[in-house]
Amino acid sequence: MFDVVVIGGGVVGACILRTLTRYDLKVCLVEKQADVSMGASRANSGVVHAGYDAMPGTLKAKFNVEGNRLMPVWAKELNVKYKNNGSLVVAFCDEDLETLHDLKARGEKNGVPGLEIISKERLFELEPNICKTAVGALYAPTGGIVCPYGLTVAAIGNAMDNGAGLLTNFEVASVDRTADGFTLISTNGQTVQARLVINAAGYNAGRVASAFGDDTVKIGGRKGEYILLDRESEGFVTRTLFCTPSKKGKGVLVLPTVDGNILLGPTATEVSDEDTTTTKDGLEEIITKAKTVCDNIPLYNAITSFSGIRAYSDRHDFIIEESAFIKGLINVAGIESPGLTSAPAIAEYVVNQLIARHFELKENKNYSPYREKDSFFMGLCDEDKNTLIKKNPQFGRIVCRCEQITEGEIVRAIHQNPPATTVDGVKRRLRAGMGRCQGGFCQPYITQILARELNKDLTEIEKSGLKSNLIVGDTK
Ligand SMILES: Cc1cc2nc3c(=O)[nH]c(=O)nc-3n(C[C@H](O)[C@H](O)[C@H](O)COP(=O)(O)OP(=O)(O)OC[C@H]3O[C@@H](n4cnc5c(N)ncnc54)[C@H](O)[C@@H]3O)c2cc1C
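Residues numbered from 1 in each chain as written. Predicted model: local features only at pLDDT ≥ 70, side-chain atom pairs only at ≥ 80, totals over all residues.

## Re the overall build of the protein chain
Helix and strand counts for the protein chain stand at 12 helices and 22 strands. Taking 476 residues into account, the globule formula puts the C-alpha radius of gyration at 23 Å, and the protein chain, at 22 Å, falls close to it. C-alpha atoms of the protein chain, sized along the principal axes, occupy 60 × 60 × 45 Å. Long-range contacts, defined as pairs at least 24 residues apart, comprise 72% of the intrachain contacts of the protein chain with a sequence gap of at least 6. (Helix = DSSP H or I, 4+ residues; strand = E, 2+ residues; numbered from the N terminus. Rg over C-alpha atoms; globule rule 2.2 N^0.38 Å. Contact = placed C-beta atoms within 7 Å.)

## Regarding the site of the ligand
Near the ligand you find 40 residues, and of these G10, G39, G202, G224 and G339 are the closest. Only helix 1 (11–20), strand 18 (302–313) and helix 8 (339–354) provide two or more residues apiece to the shell around the ligand. Looking at which domains feed residues into the shell around the ligand, each of domain 1 (2–41 + 149–218 + 315–357) and domain 2 (87–141 + 220–313) gives three or more. (Near = placed C-beta within 6 Å. Domains from an automatic or database assignment.)

## Notes on the nonpolar core
Residues V4, V5, I16, L17, V90, I346 and V350 are the most contacted members of the largest nonpolar core, which totals 125 residues. Residues from two domains meet in this core; each of domain 1 (2–41 + 149–218 + 315–357) and domain 2 (87–141 + 220–313) gives at least three. Discounting chain neighbours no more than four positions away, the residues touching V90 are I130, A134, A137, L241, F242, C243, T244 and V293. Membership of the second largest hydrophobic core comes to 16 residues, among which are A420, V426, L430 and I461. (Core = buried A, V, L, I, M, F, W, Y, C linked by C-beta atoms within 7 Å. Buried ≥ 20, exposed ≤ 12 C-beta atoms within 10 Å, placed from the backbone.)

## Thoughts on helix 6 (residues 205–212)
For helix 6, every residue scored as buried is listed here: A205, G206, V208, A209 and F212. The buried side chains of helix 6 occupy one side of the element, clustering within an arc of 165° when seen end-on. Residues of helix 6 that are buried make contact with strand 1 (2–7), strand 10 (172–178), strand 12 (191–199), strand 13 (219–229), strand 18 and strand 20 (329–333). Taken from the residues just after helix 6, G213 is the one with a positive phi, measuring 105°. (Arc of directions from axis to C-beta.)

## Regarding the pairing of strand 1
Burial analysis of strand 1 places 5 of its 6 residues in the buried class, the great majority of the element. Relative to strand 12, strand 1 runs parallel, the two being bridged by 5 bridges. Along strand 12, the bridge assignment pairs V4 with L196. Bridge analysis of strand 1 against strand 2 (residues 27–30) gives 4 bridges, and the strand direction is parallel. (Pairing = 2+ DSSP bridges.)

## A closer look at the environment of P141
Tracing the sequence through the fold places P141 in the loop between strand 7 (136–140) and strand 8 (144–146). P141 sits in the partly exposed class, given 16 other C-beta atoms within 10 Å. The spacing of P141 and A50 is 91 residues in sequence and 7.9 Å in space, taken between C-alpha atoms. With residues near it in sequence (within four places) discarded, P141 still touches G86 and G114.

## Looking at the domain arrangement of the protein chain
Per the domain assignment, the segments making up the protein chain are domain 1 (2–41 + 149–218 + 315–357), domain 2 (87–141 + 220–313) and domain 3 (377–460). Taking only C-alpha atoms into account, the centre of domain 1 sits 31 Å from that of domain 2. Counting residues at the interface gives 14 residues for domain 1, matched by 8 residues for domain 2.

## Quick notes on helix 1
Spacing of three or four residues puts side chains on the same side of an α-helix, whose turn is 3.6 residues. Along helix 1, 10 of the 10 residues are buried, which leaves the element largely enclosed by surrounding structure. Within helix 1 the residues assigned to the buried category are V11, V12, G13, A14, C15, I16, L17, R18, T19 and L20. Buried residues belonging to helix 1 abut strand 1, strand 2, helix 5 (148–161), strand 12, strand 20 and helix 8.

## Notes on the sheet that holds strand 4 (residues 82–83)
Read across the open sheet, the 3 strands follow the order 3-8-4; overall the sheet is antiparallel. Since the sheet does not close on itself, it has two edges, and those belong to strand 3 (47–48) and strand 4, each with one partner. Note that strand 3 and strand 8 share 2 bridges and pair antiparallel. Within strand 8, the residue paired with V47 across the bridge is I145.

This is how it looks when you write it as structure tokens:
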């Protein structure tokens, strides 16, 4: 029997799990997919929003500003890539400029520090590739970028190092009430018992709440598609560029990622399922809109496209509360943007306010907030590289040529918490397969390494769970 079980291995569930392990509690996270960070936390803009967007008084505003403040601390402790690059909301007409003043006032009400309206001359100094039709911008120096799946994986890994359990391929399908809590039953018949449950199931949070008997959580989906440019475009823009929201819509973002790529998007299309394919129309819309923000976008460097589903609630705000109908069920649902930014602050609130009503929170004396630093081989000096190769020759074999990832690093990711068990799991932890060739060269080698290290047959290794096996049998 666990004290607390978290349903959903996205960034919200991950941050809650990590915060729970600060206390003397028996905790576990269950995730329906083969790996963590497979929902919205896999595919988003990675922006650490400053906090001028949300309406004052909403949970979004409160947790955004607090999350923005906590993010650098969490990123440092967990060794996650984060950059305080600042953001700009760009105006292209007088009406836009008026909106910027409203946004600035809203941000100041929310407690965002340092907001400033800057002239077009200063804007072009900061970002020379912005379209020459720009007339000014709102500058938010506290805006940042973070690796969303890096944060999710590291928070769960740190929680596991501190004693938390993780069950992947566990899709909560039904729930039984017990004398002192709940039994969660998965689609494949596994069970887990919990005194208290956190529902952080993202797009499925409504369905999960219903399985407990709470039908009040209503979640809709809005797909956002992206185009990613290769790291050869690094420096094209250095800050996060937003269009001024107007009657014509929100426009798209042009921004750098923490790894030096350039990201264009997202679109916003209502959806009724979790289909994350990209479309011709969506990609064309991104290109058209991005060209209204920046001149000469190096589109020839496009290496891939992807999409994620925003899970929004019918309350148009986050739902973070104990169910009014089911005691012991805490719904953390409708966490659309700025959910990534807010996740550390949401976690603090859920654990220190909501969970604290059920348990006396005694400090876990063995808790460490730090995650062991993954020293990326290519970041080392020649002397350190040679020492490492002498100790373990696997570090002398480059598997992913584009991103220069060694066999030693892949083996480490397979055996680290949370273990990478799929080809995409390795990719999200190390960037192996994220470069120009998108895994064309390294995927077969990574498949072989996974099979060897996990003691499985090659035909059992999946790209990304859900029966996405890469090899089906012999041809000769
Ligand atoms: C296009 C887009 C752009 C965004 N941009 C930003 C941004 O720039 N900045 C920002 O702050 N936020 C952004 N967001 C929002 C942010 O990504 C989300 O708020 C955040 O990822 C939500 O995390 P989550 O853990 O609630 O959900 P998810 O990451 O979706 O995780 C939910 C998890 O629950 C699992 N699950 C579902 N059902 C079950 C079940 N029955 N049993 C077990 N497990 C289950 C899923 O597999 C999934 O892993 C964006 C979102 C999108 C889609």
